[in-house]
Each structure stands twice: as C-alpha cells, then as structure tokens.
Amino acid sequence: TARAPLAVAAAAARASPPPSAPSPGAGSQWTSLRFNRSGSHLLVAAVDDTAALIDGYTGAVAHAFSCAAPTADAPPPGATPALPPDALASPPCFPGPAGRGPPVTFSRDDAYVVAGRGDGTVACWETRTGSRAATFDAGHVGRVGAVATNPVYGMFVSGCANVAVWV
C-alpha cells in the first residue's frame, strides 16, 4: 500500500537522517512548509535563513539552500551550504512573531526554487541539481519579505516595501 507523502515525511522527521544529509540548521525553527504541484517534494524554510528540498515520499533531503545575504566569506554561487545533518531528528516547531525564515516557493513547473534574501535580492536554484541558476536584483529597499509564482505564466513577484514583477 502506498503511503501518503506527508505521513512518510513525518516518519522520516522522527528518524535520524544519514550523517551526510544536509538540512535546515540543527535546532532551527521551521517557518514554512510547501509541497510542489505533484506532491513529490517538500520545501522547508527555517528561521536561520536556510531552506531544504525534501523528498515528499522518503523524507530524504535532496538539496539545502542558504538564503542569507552574501558576505565576504560566503561560499561560491551554486555551492551547497554546509549545514548540520541532525535537524530532521527533531519535530518542526514554528516561531512566534520575532522569528521568520526566508520566503520560498517553487516555480510553476517545479523546476526551480525561488527565495527572497536579506540583501534585497531573489535567488533561484534548480530543483534537479541544487545549483544556483540566477540571482535577481530589483532594487528592493530591504529584506525581501514575500515571493510568489504565477501558476499560469512564467513569472514571479517579489516584495519588500516595493514590489517587482519578474517575467
């Protein structure tokens, strides 16, 4: 009998992942959970400005993404951030008003993960490889607080104090 993706992901969250599996920072509070259109993957954002793409059936972490503003010692674009492997060993919790993670979403075709960043830019990663595909700068005046994709057309929006429409 096939098990529902959410039930499998919940069971995986209670089990210890393999030592090499990257995931949102250990002990970090999860702030959003979003399935892709097919339900095969779950996108998790955490208050430490990380996100992870998790297999919706097995709970295995496919890719981890750093959504923090770049710094002088940041890894090169496309590099997978080094994150502790034991975050999925604890059940997720949701922060109060003081904590918020990066805004993240899937592209309409599930080929990309789109995330707002603290420096006012928007990063885009390939879901298949985890490689950074692009970084967009719309001149946001602060941390990007929201991103959304159009379910019909190949476009997305990002917002802060101003809104940018990306086609």
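See the structure shown above.
Quick look at the structure, then. None of these values were measured; they are calculated from a predicted model. (Residues numbered from 1 in each chain as written. Predicted model: local features only at pLDDT ≥ 70, side-chain atom pairs only at ≥ 80, totals over all residues. Heavy atoms only, no water.)

1. Brief notes about the packing of aromatic side chains
Aromatic ring pairs are described here by two measures, namely the spacing of the ring centres and the angle between the planes.
Here is step 1: Tallied over the entire structure, the rule returns 2 aromatic pairs.
Here is step 2: Between phenylalanine 65 and tryptophan 125, the ring centres sit 4.8 Å apart and the planes meet at 35 degrees, which makes this aromatic pair tilted. Within this pair, whereas phenylalanine 65 is found in strand β4 (residues 61-66), its partner tryptophan 125 is found in strand β7 (residues 121-126), the two being separated by 60 residues in sequence.
Here is step 3: With relative accessibility at 1%, the residue phenylalanine 65 sits in the buried group.
Here is step 4: When the ring of phenylalanine 136 is compared with that of phenylalanine 156, the centres are 5.4 Å apart and the planes differ by 65 degrees; the resulting orientation is edge-to-face. In this pair, phenylalanine 136 sits in strand β8 (residues 132-137) while phenylalanine 156 sits in strand β10 (residues 156-159), placing the two residues 20 residues apart along the sequence.
Here is step 5: The partly exposed category is assigned to phenylalanine 136, whose relative accessible area is 24%. (Phe/Tyr/Trp six-rings, centres within 6.5 Å; stacked < 30°, edge-to-face > 60°. Helix = DSSP H or I, 4+ residues; strand = E, 2+ residues; numbered from the N terminus. Buried < 20%, exposed > 50% of the residue type's maximum accessible area, 1.4 Å probe, protein only.)

2. Some details on the pairing of strand β6 (residues 112-116)
Here is step 1: Of all 5 residues that make up β6, 4 are buried, and the element is covered over most of its length.
Here is step 2: Pairing geometry for strand β5 (residues 104-106) and β6, over 3 bridges, is antiparallel. Residue pairing across strands places threonine 105 opposite valine 114, the latter belonging to β6.
Here is step 3: Remark: 5 residues form the turn of the hairpin made by β5 and β6, two consecutive strands paired antiparallel; aspartate 110 in that turn has positive phi of roughly 65 degrees.
Here is step 4: With 5 bridges joining them, β6 and β7 adopt antiparallel strand pairing. For tyrosine 112, the partnering residue across the bridge sits in β7 and is glutamate 126. (Pairing = 2+ DSSP bridges.)

3. Comments concerning the nonpolar core
A general feature of soluble globular proteins is that nonpolar side chains tend to end up buried together.
Here is step 1: Residues Leu43, Ala45, Ala51, Leu53, Phe65, Cys67, Val104, Phe106, Val113, Ala115, Ala123 and Trp125 constitute the largest nonpolar core, which totals 12 residues.
Here is step 2: The set of elements that each furnish at least two residues to this core consists of β2 (41-46), β3 (50-55), β5, β6 and β7.
Here is step 3: Every residue in contact with cysteine 67, bar those within four places of it in the chain, is listed here: Asp49, Ala51, Pro102, Val104, Ala115, Gly116, Arg117, Gly118 and Trp125.
Here is step 4: The next biggest cluster of nonpolar side chains, apart from the first, holds 8 residues, and it includes Val114, Cys124, Val147 and Ala164. (Core = buried A, V, L, I, M, F, W, Y, C linked by side-chain atoms within 4.5 Å. Contact = heavy atoms within 4.5 Å.)

4. A short note on the environment of valine 157
Here is step 1: Tracing the sequence through the fold places valine 157 in strand β10.
Here is step 2: On the accessibility criterion, valine 157 (31% relative accessible area) is partly exposed.
Here is step 3: Between the C-alpha atom of valine 157 and that of valine 122, which follows or precedes it by 35 residues, the distance is 9.7 Å.
Here is step 4: When residues no more than four places from it in sequence are discounted, the contact partners of valine 157 are Ala146, Val147, Ala148, Ala164, Val165 and Trp166.

5. So, the sheet that holds β7
Here is step 1: With respect to topology, 4 strands assemble into an open sheet ordered β5-β6-β7-β8, the strand pairing being antiparallel. Only two strands of the sheet have a single neighbouring strand rather than two, namely β5 and β8. Strand-to-strand twist in this sheet, taken as the mean axis angle between neighbours without regard to direction, amounts to 20 degrees.
Here is step 2: Both β7 and β8 contribute to a ladder of 5 bridges, which runs antiparallel. Of the residues in β8, the one forming a bridge with threonine 121 is aspartate 137. (Axes fitted to C-alpha atoms, helices over the stretch in contact; angles between N-to-C directions.)

6. Notes on unusual backbone geometry
Here is step 1: One non-glycine residue with positive phi stands out, namely aspartate 49, at about 65 degrees.
Here is step 2: Locating aspartate 49 in the fold gives a position in the loop between β2 and β3.
Here is step 3: The residue aspartate 110 is not glycine, and still its phi comes out positive at about 65 degrees.

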